[in-house]
Amino acid sequence: MFQAERIRAMVEAALPDCRAEVLDDANDGEHFSARVTSSAFVGLNRVRQHQLVYAALGDHMRRDIHALQLKTMTPDEWAKETR
Amino acid sequence: MSAQDRIRQTVEGNRVVLYMKGTADYPQCGFSMRAVSVLRAIGVEFVAVDVLADPEVREGVKAYSNWPTIPQLYVDREFVGGSDIMMEMYESGELEKLIAAAP
C-alpha cells in the first residue's frame, strides 16, 4: 500500500520548481495518476521528462507502484493548462 | 542469447515493436490494451511481444530502455514511450507522422 501523498512529496523534493498532483485512482495504493511540472523538463522530450519522475521514485516504481499514469509539463505548459 | 541480445535483435529487426502484457488480441492489462488500440487506429503493422510469456524479457526490456513499466513502443529502433506518451502523441498526430516517416 503506497500513498499518493508520498509520491507527491518524493517527486517535489527531487525536481526543481516542481509541483505534482497525484491521485490514487483506484483507491488501492497501487494505481496512480499524476500531473507534474518542473523547470527541469524544459528542452527535454516526453521520455526524458517521465524518466526524471521515475528516477525520483527509485525502487518504489518497481516494488510498490503498479501503475503511474503521467502527464508532464514545463512551467509554461502548466500555466496554459491551468489558466 | 541473453535477454538484452534478444530484445536488441527484435527491436532492430522490426520497424514497429510493442512490448506488452498479453497478446495483441488478448491484452492482459488496460494500458497494454490502450497501446494496441492506438496502433490499430493508426493502421500500422507491428510486432507484439508478450512479456508475460518471458520473465527475462519482462525485466530486460525495462533495463533496455531505462523505463520501469510495460507497455513500451519502439519505432525504427528508438524507444518512443509508454501508453501515456503513445496516447498523447496519437492525439496530437505526432505518432502517425513518426510511423509514416521513412526509416
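Reading guide: rules and limits
Residues numbered from 1 in each chain as written. Chains lettered and ligands numbered in written order. Predicted model: local features only at pLDDT ≥ 70, side-chain atom pairs only at ≥ 80, totals over all residues. Heavy atoms only, no water. Pairing = 2+ DSSP bridges. Helix = DSSP H or I, 4+ residues; strand = E, 2+ residues; numbered from the N terminus. Axes fitted to C-alpha atoms, helices over the stretch in contact; angles between N-to-C directions. Contact = heavy atoms within 4.5 Å. Parallel < 35°, antiparallel > 145°, perpendicular 65-115°, else oblique. Left-handed = near helix turned anticlockwise from the far one by under 90°. Nonpolar A, V, L, I, M, F, W, Y, C, P; charged D, E, K, R; others polar. Buried < 20%, exposed > 50% of the residue type's maximum accessible area, 1.4 Å probe, protein only. Polar contact = N/O pair within 3.5 Å; in protein donor to acceptor, adjacent residues only side chain to side chain.

Novice: Any chance you could break down the sheet that holds strand β2 (residues 31–37) of chain A for me, citing the residues and the numbers?
Specialist: All names here are of chain A. An order of β1-β2-β3 is seen for the three strands of this open sheet, with the pairing classed as mixed. Each having just a single partner strand, β1 (19–24) and β3 (67–73) make up the two edges of the open sheet. Each adjacent strand pair in this sheet contributes to an overall mean axis angle of 15 degrees, direction not counted. One ladder, built from seven bridges, connects β2 with β3; its direction is parallel. Directly across from A34, in β3, lies its bridge partner L70. Strands in contact with helix α1 (residues 4–14) are β1 and β2; relative to β1, the strand with the most contacts, it is inclined by about 160 degrees.

Novice: Summarise the packing of helix α2 (residues 46–57) of chain A against helix α4 (residues 83–92) of chain B; cite the residues concerned and give the values.
Specialist: Where α2(A) meets α4(B), the axes come as close as 11 Å, and the angle between the chain directions of the two elements is 150 degrees. Our classification of the angle between α2(A) and α4(B) gives roughly antiparallel. Considering the relative orientation of α2(A) and α4(B), their crossing is right-handed. Touching A:R46, A:V47 and A:H50 of α2(A) are B:D84, B:I85 and B:E88, all from α4(B). Within the contact of α2(A) with α4(B), the residues separate by chemical class into two nonpolar, one polar and three charged.

Novice: Pulling in residues and values, what's your account of the side chain of B:S65?
Specialist: Within the secondary structure, B:S65 is located in helix α3 (residues 55–65). For B:S65, a relative accessible area of 10% gives the class buried. A distance of 3.0 Å separates a polar side-chain atom of B:S65 from the backbone oxygen of B:V61. Here B:S65 is in contact with A:Q51, B:Q72, B:Y74 and B:F79, once residues within four sequence places are set aside.

Novice: Could you give me a rundown of the pairing of strand β3 (residues 72–75) of chain B, with the residues and numbers involved?
Specialist: All names here are of chain B. Burial of the side chains of β3 extends over both faces: Q72 and Y74 are buried on one face and L73 and V75 on the other. Sheet topology note: the strand β1 (residues 16–20)/β3 ladder contains four bridges and is antiparallel. By the bridge assignment, V17 is partnered in β3 with Y74. Of the pairings in the sheet, the one linking β3 to strand β4 (residues 78–81) comprises three bridges and is antiparallel in character.

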